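Structure at a glance
Below are the chains, spelled out letter by letter.
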Amino acid sequence: MALDKSSAETPIAHAAPAAAGRKSIWIDLENSPHVPFFHPIIGELQKDYRIIVTARDCFQVCGLADLFHMAYLRIGRHYGKHFLNKFAGLLIRSLQILPVAFREKPDLAVNHGSRSQLLVCSFLNIPSLLIMDYEHAIKLVNPTWLMMPEVIPAGSVHFDAGRIIHYPGIKEDVYVPSFRPDPAIMKELKLSPESLIVTVRPPATEAHYHNPDGEKLFVDVINFLAPAKAVMVVLPRNDRQKDFVNRTWPELCARGTVRIPDHVVDGLNLIWHSDLVISGGGTINREAAALGVPVYSIFRGRLGALDRYLSETGRLVLITGNSDFKKIALAKRDRSADSRQGTEALKKILETIRTIVNGKQQQDFLC
């Protein structure tokens, strides 16, 4: 979750007045990684199109959107991890955003896994583009077009291959190149440059792909790091996880070995100033990989092609159990090297969206 301070000072309007005939694009933010991902995309698209942004109030989505100075419509919340709650939440939020879609009549709806937006688009016959980077995610409603990293084979998803578009690299390459480190975070979180700083993220316990083994690994990781004199910056996903950490390790929290930020932080900046990252989530792992920071995944769900690719290329280390803890290198890292990739991912996504909105033929951009 990054903040490029050089570009984030300009507020992004969700429905700015537009000249007659100006086409509109509706972007829905349902999860926290969507905010930094769409920030540069919106910044470019708003030069030529009217942008409508809606955001679900959960997982720090709105807090991050505020950090990025985004203007958005706050609609809906999370209803819990159980299937019936998820299904009810999907229907409720779909009904809540339905009037927005009906009123704005966007030429294209774009999301990175918003089931409620896809459901509304299907009902109102609005063209939609789903961008995704995990082929095992559940799609209840198919979009008009599907876009994903080129390392994910088209045959790995149940979708019309003629409407699949690939982009180079990983989704984090869209916004990581514009990131600029800000050392102020060290003072902000009371971190010493001499300390071994480890960013730790618990697994996504409310996700449909969650495996309880990830929770056990998270506990074991904290206990493994405790005697190493490391400072662990733990980023809970919700208040329940925050309470669990405080309740399980009160002594570590009291003496500052475990630190939970009391406000939304710039995730990319924290990763950059860390010596290593250990996480049960996908985005923060791939952000670390994109920045060249040593990263260890304790994700125990079904492994996707992207994480398999990062593991095979040595950019991510998979931790499947306690026996793999010996792979974790507890050492200060050299921050002088910069391994960030180019902006080809962003260029391809922007090109695809513009081509669809402008009504060009499908073969002009499919690959």
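Coordinates for the structure precede this section.
Within each chain, residues carry numbers counting from 1 in the order of the written sequence. Whole-chain, interface and lining totals are the exception, using all residues; otherwise, since this is a predicted model, local features are given only for residues with pLDDT of at least 70 and side-chain atom pairs are given and counted only at 80 or more. Side-chain measures were taken over the full set of non-hydrogen atoms in the model, leaving aside hydrogen atoms and water.

This part covers the overall build of the protein chain. In DSSP terms, a helix is any run of H or I states spanning at least four residues, a strand is any run of E spanning at least two, and both are numbered starting from the N terminus. Counting its regular elements, the protein chain contains 12 helices and 13 strands. With 367 residues in all, the protein chain has 53% of them scored as buried. A separation of at least 24 residues holds for 65% of the contacts in the protein chain among residues at least 6 apart in sequence. Of the accessible surface of the protein chain, which amounts to about 16000 Å², a share of 54% is contributed by carbon and sulfur atoms. We call a residue buried when its accessible area falls under 20% of the maximum for its residue type, exposed when it is over 50%, and partly exposed in between, using a 1.4 Å probe and counting protein chains only. It only takes one pair of heavy atoms within 4.5 Å for two residues to be counted as in contact. The method behind every accessible area is Shrake-Rupley, applied with a 1.4 Å probe, and residues are considered shielded solely by the protein chains displayed.

With that settled, consider the sheet that holds strand 4 (residues 108-111). Reading across from one edge, 3-2-1-4-5-6-7 is the order of the 7 strands in this open sheet, with parallel pairing throughout. Unpaired on one side and paired on the other, strand 3 (73-77) and strand 7 (164-167) mark the two borders of the sheet. Taking each pair of neighbouring strands and ignoring which way they run, the sheet shows an average axis angle of 20 degrees. For two strands to be treated as a pair, DSSP must find at least two bridges joining them. Pairing geometry for strand 2 (residues 50-57) and strand 3, over 3 bridges, is parallel. Paired with A55 across the strands is R74, a residue of strand 3. For every element, the axis is a line fit to its C-alpha atoms; helices are fit only across the contacting stretch, and the angle between N-to-C directions ranges from 0 to 180 degrees. Against the sheet, helix 3 (residues 83-104) touches strand 1 (24-29), strand 2 and strand 3, its axis set at about 155 degrees to strand 3. Packing against the sheet, helix 4 (residues 115-124) makes contact with strand 1, strand 4 and strand 5 (128-131), and its axis sits at approximately 140 degrees to strand 1.

Residue position: H112 is located in the loop between strand 4 and helix 4. Setting aside residues up to four positions removed in sequence, H112 forms contacts with H34, F37, F38, L130, I131, M132, D133 and K171. Any pair of N or O atoms that falls within 3.5 Å is considered a polar contact. Within protein, one atom must be able to donate a hydrogen and the other to accept it, and sequence-neighbouring residues count only if both atoms are side-chain atoms. A polar atom in the side chain of H112 sits 3.4 Å from the backbone oxygen of I131.

Bringing the packing of helix 3 against helix 4 into the picture now. Direction vectors running N to C along helix 3 and helix 4 enclose 55 degrees, while the axes themselves pass 8 Å from each other. The angle between the axes of helix 3 and helix 4 places the two elements in the oblique class. Between helix 3 and helix 4 the crossing geometry is right-handed. Within the contact between the two elements, helix 3 uses L90, L91, R93, S94, I97, L98, A101 and F102 and helix 4 uses R115, S116, Q117, L119, V120, F123 and L124. Orientation labels follow simple angle bins: below 35 degrees gives roughly parallel, above 145 gives roughly antiparallel, 65 to 115 gives roughly perpendicular, and whatever is left gives oblique. In a left-handed crossing the near helix is turned counterclockwise from the far helix by less than a right angle, and in a right-handed crossing that turn is clockwise.

So, on to the packing of aromatic side chains. The geometry of two aromatic rings is summed up by the distance between their centres and the angle between their planes. Any two rings among Phe, Tyr and Trp, with Trp reduced to its six-membered ring, count as a pair given centres within 6.5 Å; such a pair is stacked if its planes are under 30 degrees apart, edge-to-face if over 60, and tilted if neither. Counting across every chain of the model gives 6 aromatic pairs. Look at Y134 and F299: their rings are 6.3 Å apart centre to centre, the planes differ by 90 degrees, and that puts the pair in the edge-to-face class. Of the two residues, Y134 is situated in the loop between strand 5 and strand 6 (145-149) and F299 in the loop between strand 12 (295-297) and helix 11 (305-312); the sequence distance between them amounts to 165 residues. Of the residues examined, Y134 reaches a relative accessible area of 15% and is grouped as buried. Relative to F325, the ring of F224 has its centre 5.0 Å away and its plane inclined at 40 degrees; by these criteria the two rings are tilted.

What follows concerns the layout of surface pockets. Any empty space left between the atoms is revealed when a probe the size of a water molecule rolls over them. Only protein atoms enter the calculation, which uses a 1 Å grid: trapped sets of points that fit a 1.4 Å probe without letting it out are cavities, open sets showing protein on both sides within 12 Å along at least five of seven lines are pockets, and any residue with an atom within 4 Å of a point is a lining residue. Grid points are joined across faces, edges and corners, and a volume is the space filled by probe spheres set on the points. By volume, the second largest pocket amounts to about 420 Å³. Residue lining of the second largest pocket: 21 residues in total, with Q60, P236, R237, N238 and D239 positioned closest to the centre. In terms of residues, the lining of the second largest pocket owes the most to one element, helix 7 (residues 239-248), which gives 3 residues. Side-chain classes are defined by residue name, with Ala, Val, Leu, Ile, Met, Phe, Trp, Tyr, Cys and Pro counting as nonpolar, Asp, Glu, Lys and Arg as charged, and the others, Gly among them, as polar. Taken together, the residues that form the lining of the second largest pocket break down as 9 nonpolar, 5 polar and 7 charged.

Now for the environment of C253. If you trace the backbone, C253 turns up in helix 8 (residues 250-254). With 21 residues separating them along the chain, C253 and M232 place their C-alpha atoms 9.5 Å apart. Setting aside its immediate chain neighbours within four residues, C253 contacts V245, N246 and V258.

Under the 1.5 Å per step criterion, the end-to-end length of helix 6 (residues 213-225) is 18 Å for 13 residues, consistent within 8% with the ideal 18 Å. Along helix 6, the positions that sit buried rather than exposed are G214, L217, F218, D220, V221, I222 and L225. On its buried side, helix 6 packs onto strand 8 (196-201), strand 9 (230-234), helix 7, helix 8, strand 10 (258-259) and strand 11 (276-279). One less than the residue count of a helix, multiplied by 1.5 Å, gives the span that helix is expected to have.

This part takes up the pairing of strand 4. Side chains of strand 4 alternate between two faces, with L108 and V110 and A109 and N111 buried alike. In this sheet, strand 4 lies alongside strand 1 in parallel orientation, the contact comprising 3 bridges. By the bridge assignment, I27 is partnered in strand 4 with V110. As defined by bridge partners, strand 4 adjoins strand 5 across 3 bridges and the pair is classed as parallel. Across the sheet, A109 pairs through a bridge with S128, a residue of strand 5.

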